[in-house]
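These are the residues of each chain, in order.
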Amino acid sequence: MFKAESTYVVKGVEKVSSNVVRVMLEGEGTSLTMELPTSLAAFNSGDRVLVNLSSEKDPDYKSRWDIYMWGIVYYAGADAVRISVGGFIVVVSGLANKPNVGDKVYVGVKKMTP
């Protein structure tokens, strides 16, 4: 079973297209970049965000997470893990424990600061 949970700080938000944004997050020893539809991306630089990556679905996801999605790992290298979530890309660097290519990974995101 794969599981990784960490608190991150939003370092930047950039518009990729008219309906997609890329959110860059930095944590202690890890970094995460995720693409999201603009309708879901209510993040600002400096916001604290809790992110959970897991191979198991959270049964309480509706009450625990602001954003909850799943994707398939398509790259798991020494430098990063890349997950495709319906075409949106999540890249995580610095993980000690990594999922394998082809694994289904659930991604929970909770904004901790307004």
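Scoring rules and cut-offs
- Residues numbered from 1 in each chain as written.
- Predicted model: local features only at pLDDT ≥ 70, side-chain atom pairs only at ≥ 80, totals over all residues.
- Heavy atoms only, no water.
- Helix = DSSP H or I, 4+ residues; strand = E, 2+ residues; numbered from the N terminus.
- Rg over C-alpha atoms; globule rule 2.2 N^0.38 Å.
- Pairing = 2+ DSSP bridges.
- Axes fitted to C-alpha atoms, helices over the stretch in contact; angles between N-to-C directions.
- Phe/Tyr/Trp six-rings, centres within 6.5 Å; stacked < 30°, edge-to-face > 60°.
- Buried < 20%, exposed > 50% of the residue type's maximum accessible area, 1.4 Å probe, protein only.
- Lys NZ or Arg CZ within 6 Å of the ring centre and 35° of its normal.

Caption draft 1: Representation of the overall build of the protein chain in the model. When helices and strands are tallied, the protein chain shows one helix and eight strands. Listing each helix as α and each strand as β along the protein chain from the N terminus yields β-β-β-β-α-β-β-β-β. Relative to the compact-globule value of 13 Å for 114 residues, the protein chain shows a C-alpha radius of gyration of 13 Å, a close match. When its C-alpha atoms are laid out on the principal axes, the protein chain stretches across 30 × 30 × 30 Å.

Caption draft 2: Inspection of the pairing of strand β3 (residues 31–37) at higher detail. Sheet topology places strand β2 (residues 20–27) next to β3; seven bridges connect them, and they run antiparallel. Within the sheet, the bridge partner assigned to leucine 25 lies in β3 and is leucine 32. Between the antiparallel neighbours β2 and β3 lie three residues, among them glycine 29 with a positive phi of about 85°. By the bridge criterion, four bridges tie β3 to strand β7 (residues 88–93) in an arrangement that is antiparallel. Residue pairing across strands places serine 31 opposite serine 93, the latter belonging to β7.

Caption draft 3: Spatial organisation of the sheet that holds β3. Overall, antiparallel pairing links the eight strands, which are arranged β1-β2-β3-β7-β6-β5-β8-β4 in a closed barrel. Each adjacent strand pair in this sheet contributes to an overall mean axis angle of 35°, direction not counted. Bridge analysis of strand β1 (residues 3–17) against β2 gives eight bridges, and the strand direction is antiparallel. Bridging across to β2, valine 10 finds its partner in leucine 25.

Caption draft 4: Summary view of the packing of aromatic side chains. Taken as a whole and assessed by the stated rule, the structure comprises two aromatic pairs. Ring plane angle 20° and centroid distance 4.9 Å describe the contact between tyrosine 61 and tyrosine 68, whose orientation is recorded as stacked. Here tyrosine 61 falls in the partly exposed class, since its relative accessible area comes to 25%. Tyrosine 68 sits in the partly exposed class, given a relative accessible area of 21%. A ring pair is formed by tyrosine 68 and tyrosine 106, whose centres lie 5.9 Å apart and whose planes are at 15°; its orientation type is stacked. With tyrosine 68 in strand β5 (residues 67–76) and tyrosine 106 in strand β8 (residues 104–111), this residue pair connects regions lying 38 residues apart in the sequence. Relative accessible area serves as the criterion here: at 12%, tyrosine 106 is assigned to the buried category. Each residue in the set Tyr61, Tyr68 and Tyr106 is aromatic and connected to the rest through ring pairs, giving one cluster. The lysine or arginine in question, arginine 82, covers the ring of tyrosine 75, its NZ or CZ lying 5.8 Å from the ring centre. A cation over a ring is seen here: lysine 104 above tryptophan 70, with NZ or CZ 4.2 Å from the ring centre.

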